[in-house]
Amino acid sequence: MNPLVHAVAAVSVGIVDGRTLLDLCYVEDAAAAVDMNLVMNAAGEFIELQGSGEEATFSEAQLAALLALEKRASASC
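Quick look at the structure, then.

What counts and how
- Residues numbered from 1 in each chain as written.
- Predicted model: local features only at pLDDT ≥ 70, side-chain atom pairs only at ≥ 80, totals over all residues.
- Heavy atoms only, no water.
- Pairing = 2+ DSSP bridges.
- Helix = DSSP H or I, 4+ residues; strand = E, 2+ residues; numbered from the N terminus.
- Axes fitted to C-alpha atoms, helices over the stretch in contact; angles between N-to-C directions.
- Buried < 20%, exposed > 50% of the residue type's maximum accessible area, 1.4 Å probe, protein only.
- Lys, Arg positive; Asp, Glu negative; His and termini not counted.
- Salt bridge = Lys/Arg side-chain N within 4 Å of Asp/Glu carboxyl O.
- Contact = heavy atoms within 4.5 Å.

### Focus on the sheet that holds strand β3 (residues 34-41)
For step 1, the next point in the chain: Read across the sheet, four strands follow the order β2-β1-β3-β4 without closing on themselves; strand pairing throughout is antiparallel. Where the open sheet ends on each side, the last strands, each with one partner, are β2 (19-22) and β4 (46-53). Across the sheet, the mean angle separating the axes of adjacent strands is 15° when strand polarity is ignored.
For step 2, the next point in the chain: Inspection of the sheet shows strand β1 (residues 8-16) paired to β3 by eight bridges, in the antiparallel sense. By the bridge assignment, Val8 is partnered in β3 with Asn41.

### Notes on the pairing of β1
Two faces, one strand: in a regular strand the side chains alternate between the faces of the sheet.
For step 1, the next point in the chain: Pairing of β1 with β2 involves four bridges; the strand directions are antiparallel. Looking at β2, one finds that Val13 is bridged to Leu22.
For step 2, the next point in the chain: Between β1 and β2, which pair antiparallel one after the other, the connecting turn spans two residues, and Asp17 there sits at a positive phi close to 50°.

### A look at the side chain of Asp35
For step 1, the next point in the chain: Take Asp35: it is sitting in strand β3.
For step 2, the next point in the chain: One buried charged side chain, Asp35, makes no salt bridge at all; its nearest oppositely charged neighbour is Arg19, positioned 14 Å away.
For step 3, the next point in the chain: Not counting chain neighbours up to four residues away, the residues in contact with Asp35 comprise Val13, Gly14, Leu24, Asp29, Gln50, Gly51, Ser52 and Glu54.

The analysis is restricted to geometry; functional conclusions fall outside its scope.
Encoded structure:
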């Protein structure tokens, strides 16, 4: 029996200079006002969701935009 039920992927997203970015490099991560790490499975279920306002607060709309960016990227894999 295969112990792997679903494929798993992890990605970082963030808000840098007012833009939502996917898969932040070190320089972007260090400059991010908001930084979020997401781990999801192929069924679209969250395994881990960790985010923080590093330099600023963020709204529910910005959170939704970050989640949508991650989901679009995951769907293309």
